[in-house]
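Each chain is listed here by its residues.
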Amino acid sequence: MATVDETMDTRSAQAARAAQAGRSQIAETVNAGLGRRYRSERRFRAYGVLAIVLALSMLATLFVTIISKGYTAFWQNSLNFEVALPADVIDPQGTRDPKVLASANYLGLVRDALQAQFPEVDSRQERRALFAMLSDSAPYDLQDAVLDNPGAIGGTIKVRVSLDDDFDMLAKGHINADLPQDQRRLTDVQVAWFQSLEQRGMVEAHFNTALFTNGDSRQAESAGILGAVVGSLFVVAVTLALSFPIGVATAVYLEEFAPKNRFTDLIEVNINNLAAVPSIVFGLLGLAVFLQFFGLPRSAPLVGGLVLTLMTLPTIIIASRAALKSVPPSIREAALGLGASKLQMILHHVLPLAMPGMLTGTIIGMAQALGESAPLLMIGMVAFVVDIPNGPLDPATVLPVQIFLWADSPERAFVERTSAAIMVLLAFLVFMNAAAVWLRKRFERRW
Amino acid sequence: MKTSPSAQTSIEIPPTAGFPLVSQGEGAKIAARDVNVFYGDKQALRNIALDIKPNEVTAFIGPSGCGKSTFLRCLNRMNDIIDGCRVTGSINLDEEDIYHRRIDVVQLRARIGMVFQKPNPFPKSIYENVAYGPRIHGLARNKTDLDEIVQTSLERAGLLGEVKDRMDQPGTGLSGGQQQRLCIARAIAVNPEVILMDEPCSALDPIATAKIEELIDELRQNYTIVIVTHSMQQAARVSQRTAFFHLGNLVECNDTEQIFTNPQHKLTQGYITGRFG
Amino acid sequence: MQILFLIAVVLGLMLIGFRFGRLRSVRVTGGDARQLHSLPTYYGLYVALWCGLPALLLLAAWMALEPTIIRMIVLDSLPPDLLLQPDGQTINDARLSLLLTDIRNIASGNIASQSEPAVIAAAGRYASLLQVSFGAMVVVVLSVAMGGAAAAYRFIAPQFRARNRVENIIKMMMVACSLVAILTTLGIILSLLFETLRFFTEVPVTEFLFGTNWSPQTAMRSDQVGSSGAFGAVPLFAGTMMIAMIAMTVAVPIGLLAAIYMAEYAPRNVRTVVKPLLEILAGIPTVVYGFFAALTVAPLIRETGGLLGLSVSSESALAAGLVMGIMIIPFVSSLSDDVITAVPQSMREGSYGLGATRSETIKRVIFPAALPGIVGGVLLAVSRAIGETMIVVMAAGLAANLTANPLEAVTTVTVQIVTLLVGDQEFDSAKTLAAFALGLLLFTVTLVLNVIALHVVRKYREQYE
């Protein structure tokens with residue numbers, strides 16, 4: 001067999017010659033087609049690059065728009081000027097009792113101080129236009145300053161009072177002073193007054209602490225995200241407290257104990273489907289079951305947490321099961337071989353090894369919960385809440401819903417704050433995802 | 001292809017290890033000189049020099065990880081698609097260096113076909129599997145042409161009788177041996193000059209193996225065939241020449257009869273007598 | 001807060017039970033723990049579990065049932081004329097719930113009361129019932145906790161198989177946890193179905209499914225049953241489908257081509273950079289996309305349309321669909337990437353070995369082989385597009401137009417659910433019930449899509465395993 005067959009008959013010799021002849025023709029054909037084929041290859045490859053460039057440029061556009069719209073929200077312009085504090089207005093009896101001090105007519109004082117800057121303004125209409133420059137919270141700024149420094153009563157005090165958001169926008173250049181006045185929110189006189197204040201150095205830009213220390217407000221200049229952030233923290237805390245233990249327990253049961261039967265199949269199918277149910281359906285569930293049936297309070301972070309628990313459970317269960325699956329069977333056999341009970345084997349050996357994967361899944365689930373808003377609209381977390389919630393049963397809103405609410409307000413100042421709130425939300429999410437990536441990298445094991 | 005650490009310490013192979021090299025251009029279909037292959041910084045093949053004669057079956061044998069498959073894949077530049085794989089030296093096909101810039105890899109692979117270890121029919125019909133090559137290269141002017149190419153290819157692969165009534169059924173539905181013959185038919189549909197076979201029978205039962213071996217023997221009248229095999233018996237049965245690889249080195253290459261009856265090198269002897277493998 | 005304190009007390013009792021159980025287990029063997037069947041910890045755990053579990057379960061049940069029971073008692077004690085309308089009919093559920101809210105608010109002192117004396121009296125009763133209930137709950141829960149602990153404590157003996165018992169209890173708890181998934185599905189189906197059936201007693205099914213006029217707003221005008229607005233949901237379906245289609249025409253080509261490039265062409269270092277970047281798109285909250293759509297994309301499209309002489313609605317379907325498409329790109333691409341990389345390498349080699357170029361291999365071998373998986377992924381993406389809420393709430397319109405023009409405003413199922421349910425509504429009006437009917441529809445459609453998609457994908461995976 002291993003020798004060359006020497007009785008090559010003429011038929012196969014012919015076939016060989018034919019094959020030889022065919023080959024040169026084939027080579028020619030292949031050669032002729034190459035240019036076209038390589039062009040199509042390059043085109044296809046270019047489509048792929050184009051798709052990626054498109055997707056990434058959309059991502060870039062999104063970020064650039066939001067940052068460019070929102071970065072100005074991190075500082076705020078205020079009026080910084082001397083306010084006279086006549087003792088007979090603030091504290092006629094001279095008791096310096098904080099209660100008396102608190103109830104003085106600060107609005108009048110601030111207005112007087114502003115009026116003093118523009119003595120020529122005297123008609124009622126003009127005065128109203130001038131006082132529009134002051135935020136509703138300006139009297140409180142003065143009140144705080146006086147309460148901090150009662151010694152100034154009788155003299156003057158240099159105080160920083162909030163500007164109305166329109167003037168803040170003017171200072172930041174979002175309102176174009178060059179437009180004719182019927183196309184902007186401020187009249188020419190107002191703009192002129194403001195510019196003269198700016199020239200006198202009375203307009204001061206400073207970090208916008210109100211954004212981080214206030215609850216929601218109808219006035220853009222005093223609207224802050226603290227209430228929403230605290231609400232979000234409560235919601236995520238409730239979600240974490242419920243979904244992590246339940247999710248891990250379910251994963252352990254399904255992966256380590258469950259017999260393979262109809263029932264566990266049903267659970268599995270259920271989990272996979274729940275992972276793809278639209279989030280708003282969970283909101284309907286929460287409304288019907290938690291609010292209507294169990295009578296839990298509307299707008300409460302507790303209910304929000306319950307709803308989001310149900311929503312994030314599938315994510316956590318699926319991630320936890322994958323983590324358990326990746327623990328090699330040899331570890332289990334080793335533990336069982338030493339006489340450990342099944343539960344001991346799981347608690348002592350399998351769970352510690354699977355924990356990083358489970359935590360990663362949980363963090364991702366929490367990030368999902370933190371960014372979710374649709375189901376929370378259903379259970380009333382969309383209410384206008386000024387107070388910062390103190391507990392999981394107080395009415396509250398969450399950061400994404402706050403964004404939704406602010407996005408509805410047409411004022412430029414709210415657009416700016418919405419973008420700022422988005423940046424804060426994204427910062428939280430980036431932090432959580434980075435933590436997940438770090439966890440995965442740090443504890444990744446190859447078996 | 002893994003290289004064991006010991007592969008780094010090269011064994012001394014005398015340059016005259018008994019392989020009568022045909023001087024370049026003298027009837028050799030493929031001539032390899034100084035071929036080195038690296039995966040990243042690991043060297044998988046060292047200084048391979050080898051001639052493959054036309055219309056013969058050349059078998060590559062050797063223990064696993066010796067580099068025989070790697071070398072086979074160099075012959076139609078299949079290693080190009082592996083990240084971090086680097087080939088140096090020259091491999092000439094009909095006196096043209098296939099690693100030259102001018103050589104087009106698509107055209108090259110149309111001339112050097114390949115059959116793989118595991119039968120890998122595409123998840124398409126039997127007809128479409130065989131028609132794939134002619135279609136992408138534009139070899140058939142019309143449907144009748146294509147039908148004819150498919151028919152003859154299947155016939156040459158000895159499969160036509162078994163599948164001619166179910167050409168439109170998926171190729172994945174065939175038995176393992178039939179799948180492998182389908183892959184051979186697919187390869188010869190573009191009428192290549194050389195067919196590379198990478199352990200074509202390792203996933204098959206003995207009966208299917210016998211059929212493939214028979215087929216290989218028939219095919220060598222029209223094609224130059226290079227086959228990698230882990231079975232020495234197979235090498236003895238189907239090949240005219242045999243090359244023995246060990247740890248990335250070509251230890252010995254000679255007529256098959258010579259190799260199996262009178263090996264020149266101690267390593268070859270050890271391998272074919274079963275002392276290691 | 002009081003409840004949290006009670007829970008803390010129970011947890012404290014569990015801790016004490018644990019210490020005592022442990023101690024006793026050592027003591028019953030005279031200090032030689034080796035004679036015990038299980039480790040002393042298990043005896044402690046046994047006591048702790050018997051102390052805490054029944055008590056906490058009871059607490060949960062109590063809290064779940066308390067509102068309903070108190071409500072019933074309070075209603076029973078109300079003077080009958082409060083429950084009657086002037087014309088002698090029993091007042092409807094909406095009035096009743098208003099009345100109850102009044103009572104509750106007065107009881108908690110939120111409202112300075114100027115109501116009828118009967119209501120104030122009921123509020124007083126309500127408040128006292130709450131107090132009594134809470135006191136009873138504390139007593140019962142704590143005695144159950146103590147009793148359970150004491151009973152378990154008495155069981156402790158060297159031969160007692162504490163570990164097995166504890167493990168069984170833990171296993172039962174795990175089974176209970178895995179039931180949550182089933183209960184959730186059941187809860188969704190039941191709550192949606194129940195409200196939907198009530199809706200269909202007021203509005204015929206055929207009108208809902210085939211009617212082309214949707215204007216639920218008129219339902220608010222009067223609370224006479226039957227004079228509610230039109231509930232023909234076809235415009236909503238059409239709007240949903242249109243936006244989903246626009247989204248898919250953006251997401252499928254971009255996502256698929258991106259996935260192909262990443263899987264087949266991109267060098268490793270490009271992959272490691274671009275893949276996480278694409279995943280960022282998936283991690284951005286939908287409310288952010290909604291803001292982006294409403295504030296940037298919609299005006300842009302409007303202006304562009306204006307330049308071309310087209311009249312574009314400021315809430316055009318196109319804007320919402322485009323942005324939704326961007327959101328779905330990573331979804332499509334990561335699913336397709338999985339599917340494409342699952343195609344065995346031998347397929348690629350077979351094709352390259354015949355001299356095919358990369359794109360020929362992709363188009364003629366890999367793509368057809370991966371097609372079922374890709375279809376599954378696209379179905380999942382469609383179901384996500386249909387169920388997406390925030391983008392459409394913020395960027396699509398409210399008016400139910402039946403139109404095929406993507407430049408006009410359309411509304412979707414999810415938008416209507418949100419608008420029908422946000423704000424304080426009576427829970428029983430046809431308007432709110434309609435939201436549940438829409439929810440059921442949404443759930444059913446996405447469920448069917450998911451089941452098909454998961455099935456297709458699983459079949460595909462099995463093919464190459």
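This text gives an overview of the structure that appears in the document. Nothing here was measured: the structure is a model prediction, and the numbers come from that model.

Concerning the overall build of chain B
Inference 1: A tally of helices and strands in chain B yields 10 helices and 10 strands.
Inference 2: For chain B, whose C-alpha radius of gyration is 19 Å, the value lies close to the compact-globule estimate of 19 Å for 277 residues.
Inference 3: The C-alpha extent of chain B, read off along each of the three principal axes, is 55 × 45 × 35 Å.
Inference 4: Within chain B, the proportion of its 277 residues that are buried is 60%.
Inference 5: Considering only intrachain contacts with a sequence separation of at least 6, the fraction spanning at least 24 residues in chain B is 68%.
Inference 6: If you sum the accessible surface of chain B, you get close to 11200 Å²; carbon and sulfur atoms cover 47% of it.
Inference 7: Between the averaged position of the 30 positive side-chain charges in chain B and that of its 32 negative side-chain charges there is a distance of 4 Å.

As for the packing of aromatic side chains
Inference 1: Counting across every chain of the model gives 20 aromatic pairs over all chains.
Inference 2: Judged by centre distance (5.6 Å) and plane angle (45°), the rings of Phe167 of chain A and Phe194 of chain A are tilted. You can see Phe167 of chain A sitting in helix H7 (residues 165-172) and its partner Phe194 of chain A sitting in helix H8 (residues 188-199), a full 27 residues away along the chain. When sorted by exposure, Phe167 of chain A lands in the same class as Phe194 of chain A, which is buried.
Inference 3: Here Phe199 of chain C and Phe208 of chain C contribute two aromatic rings whose centre-to-centre distance is 5.6 Å and whose plane-to-plane angle is 80°, an arrangement assigned as edge-to-face.

Overview of the nonpolar core
Inference 1: If you look at the biggest cluster of nonpolar residues, it comprises 237 residues, and the most contacted ones within it are Leu114 and Leu142 of chain A together with Ile417 of chain C.
Inference 2: In terms of residue count, the dominant contributor to this core is helix H7 (residues 234-265) of chain C (16 residues).
Inference 3: What Leu142 of chain A contacts, discounting residues up to four positions off in sequence, is Val83, Leu85, Tyr106, Leu109, Val110, Ile157, Val159 and Val161 of chain A.
Inference 4: Counting residues in hydrophobic clusters, the runner-up holds 44 residues, among them Val150, Met167, Cys201 and Ile272 of chain B.

Some points on the packing of helix H3 (residues 126-137) of chain B against helix H12 (residues 358-387) of chain C
When two helices pack together, their arrangement is captured by the angle between the axes and the distance separating the axes.
Inference 1: Packing of H3 of chain B against H12 of chain C leaves a shortest axis separation of 12 Å and a crossing angle of 145°. Note that H3 of chain B runs across H12 of chain C; the crossing there is right-handed. Residue-level contacts link Tyr132, Arg135 and Ile136 of chain B of H3 of chain B to Glu360, Thr361, Arg364 and Val365 of chain C of H12 of chain C.
Inference 2: Class assignment of the residues belonging to the contact of H3 of chain B with H12 of chain C gives a composition of three nonpolar, one polar and three charged.

Thoughts on the sheet that holds strand E3 (residues 203-207) of chain A
All names here are of chain A.
Inference 1: Across the sheet, three strands lie side by side as E2-E1-E3; this open sheet has antiparallel pairing. Two strands close off the open sheet at either side, each with one partner strand: strand E2 (156-162) and E3. Along the sheet, successive strands turn relative to each other by an average axial angle of 40°, direction set aside.
Inference 2: Of the pairings in the sheet, the one linking strand E1 (residues 75-84) to E2 comprises seven bridges and is antiparallel in character.

Thoughts on the interface of chain A and chain C
Inference 1: Contact residues are listed per partner, giving 73 residues for chain A and 79 residues for chain C.
Inference 2: Remark: the boundary between chain A and chain C carries one salt bridge.
Inference 3: Linking Glu360 of chain C and Arg37 of chain A is a salt bridge whose minimum nitrogen-to-oxygen distance equals 2.7 Å.
Inference 4: Between the two partners, chain A and chain C, sit 11 residue pairs in polar contact (both at pLDDT 80 or more).
Inference 5: A total of 22 residues in the side of chain A that touches chain C trace back to one element, the largest contributor, which is helix H1 (residues 10-70) of chain A.

Overview of the sheet that holds strand E9 (residues 241-246) of chain B
Residues and elements named next belong to chain B.
Inference 1: Pairing is mixed in the open sheet, where six strands are placed in the order E6-E7-E8-E3-E9-E10. Of all the strands in the sheet, just strand E6 (112-115) and strand E10 (249-255) have a single pairing partner and so form its edges. Within the sheet, the average angular offset between the axes of one strand and its neighbour, ignoring direction, is 15°.
Inference 2: Taken together, the five bridges between strand E7 (residues 194-198) and strand E8 (residues 224-228) define a ladder with parallel strand orientation. Bridge assignment links Leu196 to a residue of E8, and that residue is Val226.

Calculation rules
Residues numbered from 1 in each chain as written. Chains lettered and ligands numbered in written order. Predicted model: local features only at pLDDT ≥ 70, side-chain atom pairs only at ≥ 80, totals over all residues. Heavy atoms only, no water. Helix = DSSP H or I, 4+ residues; strand = E, 2+ residues; numbered from the N terminus. Rg over C-alpha atoms; globule rule 2.2 N^0.38 Å. Buried < 20%, exposed > 50% of the residue type's maximum accessible area, 1.4 Å probe, protein only. Contact = heavy atoms within 4.5 Å. Areas by Shrake-Rupley, 256 points an atom, 1.4 Å probe, with all protein chains shown as cover. Lys, Arg positive; Asp, Glu negative; His and termini not counted. Charge placed at Lys NZ, Arg CZ, Asp CG, Glu CD. Phe/Tyr/Trp six-rings, centres within 6.5 Å; stacked < 30°, edge-to-face > 60°. Core = buried A, V, L, I, M, F, W, Y, C linked by side-chain atoms within 4.5 Å. Axes fitted to C-alpha atoms, helices over the stretch in contact; angles between N-to-C directions. Left-handed = near helix turned anticlockwise from the far one by under 90°. Nonpolar A, V, L, I, M, F, W, Y, C, P; charged D, E, K, R; others polar. Pairing = 2+ DSSP bridges. Salt bridge = Lys/Arg side-chain N within 4 Å of Asp/Glu carboxyl O. Polar contact = N/O pair within 3.5 Å; in protein donor to acceptor, adjacent residues only side chain to side chain.

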